[in-house]
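# Notes for the structure review
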Amino acid sequence: MKQNIAFLESVELFKSLTPAELLLVSERVKECQFNSGDFLFKEDSPRDRIFILKSGEVTLTKKDSYGNENRLVNFNAGDFFGEGSLGEDVKHSTSAQAVKPSEVFSLAQTFFHENGAITLKVFSVISEVISRRMRYANAKSIHSAGQYLSGKTRLEHDLLGEREVPDDQYYGVQTLRAVENFNISGITLNYYPLIIDALAYVKKAAALANFDLGLLKEEIKNAIVQACDEITDSKYHYHFVVDMIQGGAGTSTNMNANEVIANRALEILGHQKGEYEYCHPNNHVNLSQSTNDAYPTSVKIALVNSKTKILPVLEDLIQAFRKKGEEFSHIIKMGRTQLQDAVPMTLGQEFEAWAVTLEEEVQRIEQNANLFLEINMGATAIGTGINADPRYSALVTRHLKEITGLNVVLASNLVEATQDTGAFIMFSSAIKRLAIKLSKISNDLRLLSSGPRAGFNEINLPPMQPGSSIMPGKVNPVIPEVVNQIAFKVIGNDLTVNLASEAGQLELNVMEPVIIQSLFENIDMLINGMKTLNYKCVSGITANEEVCKGYVANSIGIVTALNPILGYEICSSLAKTALKDNRSVYDLVLEQNLMTKEALEEALKPENMLQSHMLS
């Protein structure tokens, strides 16, 4: 009983209770044992009690719209959850499952109905917790785990003073301030795992280099390395909560990483989060670094690795166009220039041309991504290397090369490298170029599928949804339309990158956060857009073969094929007459005895109009 009272006293939920009230609570709690995998409660089940975790670990999950379970947060000893049972009768919005064997106290809803004084004190604590949770939940919609934060806090301080930090969070006081200061875009670091992993690579490489130089004790180095490895194993990503757009040239991002790694390292060392005398975010995790070298190096590595995400999607789209090119290789149609009839071609040639133009972008993205392999580690604040050992740059670069498998190289002039954003401009331009090509192709698809009765109607796009709230039967080209809109956003973000790059002053460009946010938004949008274009449009396109052939047969443009035989003046006259009198070129040639029927048919054979020929 005494042990239970001592434990309950440590739970924040009961921090304001008197000894007599704690005794009453201890007498009414129900103690339960749960094995790994057991559910404490399931989503949509009735709420009827509060749970307090005495030992073990419990994870809170919630189903998405596809029925998949998504982990929100893990609870540890001293955490409480299910406090919504104190309010009106509602069902659980989440599920709670034991991750490991767990000992849990529960307190029934009826207890609070019977003990008004205790209920008021507990409600007061809960209101504080809910207020804190909602700050995080509102800061970023995807960070839905924010509303399930632990009720416990720990006291941390920085140069501005002391703050209470949620105890189940691995970030610290500087990250907390950044979350409060920069509720800007709603897009936080954990949207982009590549950036989080790259930060961990850099911090791991720095720890190894500092150990080589005798600046870090082995046990601290090992703990930092293990924490970094866990992060790159996709653990703790949801503790990276700083908005992508922020003031401070990325300092908040860097400190978010430093604090998460330090607090996880403290646990590995057997200490509590916040006991920074044993492993400090600045003194140990950020040793020999500044935001001004660690942050740009991290995002450059992330951008290099982003090509492994975008290029396979692009290559799949290229193959989809190429496959359609082969499928439509026998279908003759009219080519058009300036939206006017030009000369015949095949529908397959049109699709193959789209495949080729996109294929060029694979090489462009590869080339420009490789510009990010030049890094400035060891530059520290402005490139002079202050507070870093002269041997550090070479060591950390070598370790980073081994960790990432990338051929990273140290910039020849660290002062220049610390302020230069030229690589971002080039990469953004390559991404924009891809977007523009995709938009042009989408324009073509919309034109070729226009109609079906009053447009070109040469191809059919897969019908995806009804196209009008008033016109029955109307179906719109919604997939190419959304790709067009993605391209407009990409073009705008490229302008943002250019303006932000130009806005750099003296030894640092403080606008890098918006550059990085713009680039990663572009990459994500293009990945999603190309997948959508491929699987919901291109792969399902069919051809209206007779329509295509009919346009060729009735076109004045075929007169161009007779130029080498009849000459430009005669062909020009034929075209003028055909257009004026609504006649076919074929009939006019025969009527004017300009060619025999056999010679005319040979000249107008589709295969003879689709490629170049010897004129002699």
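Everything discussed here concerns the structure shown above.
All values reported here derive from a predicted model rather than from experimental measurement. (Residues numbered from 1 in each chain as written. Predicted model: local features only at pLDDT ≥ 70, side-chain atom pairs only at ≥ 80, totals over all residues. Heavy atoms only, no water.)

## Some details on the packing of aromatic side chains
Heads up, the condition is: Stacked, edge-to-face and tilted are the three classes for Phe, Tyr and Trp ring pairs, Trp counted by its six-membered ring, which pair at centre distances within 6.5 Å; planes under 30 degrees apart are stacked, over 60 edge-to-face, the rest tilted. Residue exposure (1.4 Å probe, protein chains only): buried if accessible area is under 20% of the type maximum, exposed if over 50%, otherwise partly exposed. Definition used: whenever NZ (Lys) or CZ (Arg) falls within 6 Å of the ring centre and also within 35 degrees of the ring normal, the charge is taken to sit over that ring.
Going through the model one piece at a time under the given rule, you end up with 14 aromatic pairs. With centroids separated by 4.8 Å and ring planes inclined at 5°, the aromatic side chains of Phe-75 and Phe-81 adopt a geometry described as stacked. With a relative accessible area of 3%, Phe-81 lands in the buried category. Counting every residue linked through ring pairs, the aromatic cluster contains Phe-41, Phe-51, Phe-75 and Phe-81. Of note, Lys-42 hangs over the ring of Phe-39, and the distance from its end group to the ring centre comes to 4.7 Å. Geometry around Phe-456 places Arg-336 over its ring, the cationic atom sitting 4.1 Å from the centre.

## Let's talk about the side chain of Gln-246
Which entries qualify depends on this criterion: Numbering of helices and strands runs from the N terminus, with a helix taken as a DSSP run of H or I at least four residues long and a strand as a DSSP run of E at least two residues long. Here a polar contact is taken to be a pair of N or O atoms separated by no more than 3.5 Å, where protein atoms must pair a possible hydrogen donor with a possible acceptor and residues adjacent in sequence count only if both atoms sit in side chains. The contact criterion used throughout is that any non-hydrogen atoms of two residues lie within 4.5 Å.
For Gln-246, the position within the fold is in the loop between helix H7 (218–232) and helix H8 (251–268). Among the polar contacts made by the side chain of Gln-246, one reaches the main-chain amide nitrogen of Ser-252 at a distance of 3.4 Å. If near-sequence neighbours (up to four positions away) are discounted, Gln-246 is found in contact with Phe-182, Thr-251, Ser-252, Thr-253 and Pro-513.

## Focus on the environment of Phe-39
Its location among the elements puts Phe-39 in strand S2 (residues 39–41). On the accessibility criterion, Phe-39 (34% relative accessible area) is partly exposed.

## Side note on the environment of Asn-413
With respect to the helices and strands, Asn-413 occurs in the loop between strand S12 (409–410) and helix H13 (414–419). Asn-413 gets classed as partly exposed once you look at its relative accessible area, which sits at 40%. C-alpha separation for the pair Asn-413 and Gly-383, spaced 30 residues apart in sequence, amounts to 7.8 Å. Within polar-contact distance, the side chain of Asn-413 engages the backbone nitrogen of Glu-416 at 2.9 Å.

## Here we look at the pairing of strand S9 (residues 332–337)
To be explicit about the condition: Only strands that DSSP links by at least two bridges are regarded as paired with each other.
Of the pairings in the sheet, the one linking S9 to strand S10 (residues 340–346) comprises five bridges and is antiparallel in character. For Met-334, the partnering residue across the bridge sits in S10 and is Pro-344.

## As for the pattern of salt bridges
Applied cut-off: Any carboxyl oxygen of Asp or Glu that lies within 4 Å of a side-chain nitrogen of Lys or Arg is treated as forming a salt bridge with it.
Inspection of the entire model under this criterion finds 32 salt bridges. Here Asp-229 and Lys-204 are joined by a salt bridge, their closest N and O atoms 2.9 Å apart. With Asp-229 in helix H7 and Lys-204 in helix H6 (residues 193–212), this pair connects stretches of sequence that are 25 residues apart. For Asp-229, a relative accessible area of 28% translates into the label partly exposed. Of the charged contacts in the structure, one is a salt bridge between Lys-324 and Glu-327, with a shortest N-O distance of 3.1 Å. Within this pair, Lys-324 and its partner Glu-327 are both found in helix H10 (residues 291–327), separated by three residues, close to a single helical turn.

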